[in-house]
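Secondary and tertiary structure notes
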Amino acid sequence: MQTFDLEAQGLRALNAALHALKGQTNMTAWEVVNPRGAHAIAAGVDALVDVTVRGSTGYYCAGMNKLATIRVKGSAGPGVAENMMSGTVIIDGDASQYAGATGRGGLLVIKGNASSRCGISMKGIDIVVHGSIGHMSAFMAQSGNLVVLGDAGDALGDSLYEARIFVRGRVKSLGADCIEKEMRDEHYAALEDLLRRGEADAKARPEEFRRYGSARKLYTFNIDNASSY
Amino acid sequence: MCGIVGLFLKDPSLEPKLGAMLSDMLITMTDRGPDSAGIAIYSGARDGIGKITVQSADPGRDFRNLDADLHDAIGQPVLMLEKSTHAVLEVPIDQLEAARSALGHLRPAVKIMSVGDSIEIFKEVGLPRDVSARFAVSKMKGTHGIGHTRMATESAVTTMGAHPFSTGPDQCLVHNGSLSNHNAVRRELRREGMSFETENDTEVAAAFISHKLRSGESLGAAMEATLTDLDGFFTFVVGTRNGFGVVRDPIACKPAVMAETDAYVAFGSEYRALVNLPGIEDARVWEPEPATVYFWER
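These lines cover the structure that appears in this document, whether it is placed above or below. (Residues numbered from 1 in each chain as written. Chains lettered and ligands numbered in written order. Predicted model: local features only at pLDDT ≥ 70, side-chain atom pairs only at ≥ 80, totals over all residues. Heavy atoms only, no water.)

Residue and element names in this part refer to chain B. By volume, the second largest pocket amounts to about 620 Å³. If you go around the second largest pocket, you meet 29 residues; those closest to its centre are Arg100, Ser166, Thr167, Gly168 and Ser195. Elements with a contribution of two residues or more to the lining of the second largest pocket: helix H4 (96-106), strand S6 (111-116), strand S7 (119-125) and helix H7 (201-214). Here the lining of the second largest pocket spans two domains, since at least three of its residues come from each of domain 1 (3-44 + 125-297) and domain 2 (46-117). (1 Å grid on protein atoms, 1.4 Å probe; cavity = no way out; pocket = protein on both sides within 12 Å on 5 of 7 lines; lining within 4 Å. Points joined across faces, edges and corners; volume = space filled by probe spheres on them. Helix = DSSP H or I, 4+ residues; strand = E, 2+ residues; numbered from the N terminus. Domains from an automatic or database assignment.)

This is the structure in structure tokens:
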């Protein structure tokens, strides 16, 4: 286990050390102490390593993550796991706005609540939120899955493309072109897998969720309407 | 950007440390606002005493004999405490308005930062660390306080453009964001008799709330009204003689974190601002909801 004191050694040294791990197979377990809400902790990691941050983080923790498993033993500030490519990011507490924004792959697990714009413009990432999410979540989401055990705020899935949204609780309102859709066997199976990987299978069953997706009226060119374009 | 910090103490034993805690929080927010910084500190009312905080670009000229001149003008004792470019003038509470109007004649170049029986406002251009040191913020005592670090986007980097803004007795407001309908609201408020020192959008928000309070509305109702009448991006933190409030616009893209323990309620633009507070590990920490008014009063 490599222990890194962020207050004593500084952010650039941490991220340089983590970036240098690309292609290596030793030093796979890291612990970051004294994060004190600092920005960009463990951003841009591209290695099969396990990083545990002991405390709360500021902006863009685990941004652009590839391959690594990054755990935050606290809450995360805005833009956690932004543009994640692969790997896993697990937040024990809450996440601030635009968690998982534009994420292309991997799994983001938030064990508390996420605030506004969770999964905005997501492009393939899977996000599992054990609590509730704020307004404008999954805005213009393109692909991937957003699973919410609690409630969703206003304008869920506004201008949605092909991402799938599963919510167990109440949805305050749906955004433009987002509709409820039937749960079929393939969705139950996908959700079962997501709940298991999201460490939420003991808290919720797939049958408790509703599915939301795109009505495909907003973004699809429709030949029947050609005269009005 | 801009950074906001705020602290409302519930435990009186922390009151001697208010300035030290607030100053530390303010300096942490330097990279959100290195242009200028300011604080409003509520140091507690004393029977019969009112306070006017004034600022001068030439304190050597304007503050010389100001206490004696003001004494002659109002016929009552005046105590002056100079702090760099600012001075706090203590006058009998029933002479506050007389003293205020006398100041306009005696020292036309002096700017009034705040008037009330508890509030003092200190603000200047420069790094938060330097502004805090200049006014010895870390030595100040009080019940609650609000600080702001400014990254100007909307009007000039000047002392008067720095926050907090005070537009009513013992009232102040700081802002992260920008308002788009401030010119129209300023015109309406001018018609209602409010006066303005700057072209700044935040001063309009402060005056909007002061006007509501003057009309007899509660702090909660006044803050609620900003959600319908002010257009733009905002996280506001508001101080009154007894209270401390927070409101964010419905889009809520300007960051905000709050923490509460038995000893205090704290506000920070980022969690970084809160990490040195006593007992923060066990505090209830949360992000204030959009379009929701929070306030605490003692």
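Back to the text.
In this section: empty space enclosed by the protein. Residue and element names in this part refer to chain B. Per the stated rule, a full pass over the model turns up two cavities of 30 Å³ or more. Counted as a void, the largest cavity has a volume near 80 Å³. Along the walls of the largest cavity sit Cys2, Arg150, Met151, Ala152, Thr153, Glu154, His163, His175, Gly177, Asn200, Asp201 and Thr202, which together make up its complete lining. Sorting the residues of the lining of the largest cavity by element identifies strand S9 (172-179) and H7 as the ones contributing at least two each. Here the residues of the lining of the largest cavity sort into three nonpolar, six polar and three charged. In this structure, the second largest cavity encloses a volume near 50 Å³. Elements with a minimum of two residues in the lining of the second largest cavity: S9, H7 and strand S10 (232-239). Ranked by residue count, the leading element in the lining of the second largest cavity is H7, at four residues. Looking at the lining of the second largest cavity residue by residue, the classes come out as seven nonpolar, four polar and no charged. (Nonpolar A, V, L, I, M, F, W, Y, C, P; charged D, E, K, R; others polar.)

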